[in-house]
Amino acid sequence: MAKGYQANRERQEQIGALGKALAKRAGFACEWCEGKEDLRPWDYRPDEEPSEETLALLCGRCREMADGRRGDLHELREIRNALWSPVPAVAEGVARVLAKSKEAWVREAIEESFIDEAVKVQLLK
């Protein structure tokens, strides 16, 4: 148990060290909805080494959606512009949240986005 605790602590320290760069990149706002409250890094690829490519700065509401809460249509429309971010954690992360909705506009937005084609295929099957 001590090994797992120590590894998690080290990972959190690595993520924390990237916090200022993330905040600057994001303009000190949520990278999905542009909200300014309760901003924290969200780890898109927890199995990989933390980097600016694998982390997104999200507000509490968007972190909840990223972690599995289904967003309502208003929330989904509010975050769809993040699909065009050049940062994989931002664009692919929001695409995974949007893909849970069966709305036609969601499928169209994902198809038109610049996210990796393999990710699109996985999400739209």
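Refer to the structure presented above.
Reading the values: rules and limits
- Residues numbered from 1 in each chain as written.
- Predicted model: local features only at pLDDT ≥ 70, side-chain atom pairs only at ≥ 80, totals over all residues.
- Heavy atoms only, no water.
- Helix = DSSP H or I, 4+ residues; strand = E, 2+ residues; numbered from the N terminus.
- Rg over C-alpha atoms; globule rule 2.2 N^0.38 Å.
- Contact = heavy atoms within 4.5 Å.
- Areas by Shrake-Rupley, 256 points an atom, 1.4 Å probe, with all protein chains shown as cover.
- Lys, Arg positive; Asp, Glu negative; His and termini not counted.
- Charge placed at Lys NZ, Arg CZ, Asp CG, Glu CD.
- Polar contact = N/O pair within 3.5 Å; in protein donor to acceptor, adjacent residues only side chain to side chain.
- Core = buried A, V, L, I, M, F, W, Y, C linked by side-chain atoms within 4.5 Å.
- Buried < 20%, exposed > 50% of the residue type's maximum accessible area, 1.4 Å probe, protein only.
- Salt bridge = Lys/Arg side-chain N within 4 Å of Asp/Glu carboxyl O.

Draft legend 1. Molecular detail of the overall build of the chain. A tally of helices and strands in the chain yields seven helices and two strands. Mapped in sequence order, the helices and strands of the chain form the string α-α-β-β-α-α-α-α-α. Relative to the compact-globule value of 14 Å for 125 residues, the chain shows a C-alpha radius of gyration of 15 Å, a close match. Viewed in the frame of its principal axes, the chain has a C-alpha envelope of about 45 × 30 × 25 Å. Looking at the chain alone, contacts between residues at least 24 apart form 59% of all its contacts between residues at least 6 apart. A total of about 7,600 Å² of accessible surface is found on the chain, and carbon and sulfur atoms cover 51% of it. On the chain, the mean spot of the 21 positive side-chain charges and the mean spot of the 24 negative ones are 2 Å from each other.

Draft legend 2. Representation of the environment of Ser 113 within the structure. Along the chain, Ser 113 falls in the loop between helix H6 (104–112) and helix H7 (117–124). Note: C-alpha distance between Ser 113 and Tyr 44 (69 residues apart in sequence) is 18 Å. Other than its neighbours up to four places away in sequence, Ser 113 contacts Leu 83, Trp 84 and Lys 120. A distance of 2.8 Å separates a polar side-chain atom of Ser 113 from the backbone oxygen of Ile 110.

Draft legend 3. Layout of the nonpolar core. Among the nonpolar cores identified, the biggest contains 32 residues, and Trp 32, Leu 58, Cys 62, Ile 79, Leu 98 and Ile 110 are the most heavily contacted of them. For this core, the secondary structure elements donating two or more residues are strand S2 (55–58), helix H3 (60–66), helix H4 (73–79), helix H5 (88–98), H6 and H7. If you tally residues by element for this core, the top one is H5, at seven residues. Among residues more than four places away in sequence, those in contact with Leu 98 are Leu 76, Ile 79, Arg 80, Leu 83, Trp 105, Val 106 and Ile 110.

Draft legend 4. Highlighting the pattern of salt bridges. Summed over the entire model, instances satisfying the criterion amount to 13 salt bridges. The shortest N-O distance in the salt bridge between Arg 25 and Glu 31 comes to 2.8 Å. Owing to a relative accessible area of 28%, Arg 25 belongs among the partly exposed residues under this scheme. Classification of Glu 31 by relative accessible area gives buried; the value is 15%. Of the charged contacts, one joins Arg 69 and Glu 75 as a salt bridge, the two residues approaching to 3.0 Å between their closest N and O atoms. Take Arg 69: its relative accessible area is 29%, and that puts it in the partly exposed class. Salt bridges linked by common partners bring Arg 61, Glu 64, Arg 69, Glu 75 and Glu 78 together as one network.

Draft legend 5. Highlighting the side chain of Asp 43. Mapped onto the fold, Asp 43 is located in strand S1 (residues 40–43). A relative accessible area of 18% places Asp 43 in the buried class. A distance of 2.8 Å separates polar atoms of two side chains, one belonging to Asp 43 and the other to Arg 11.

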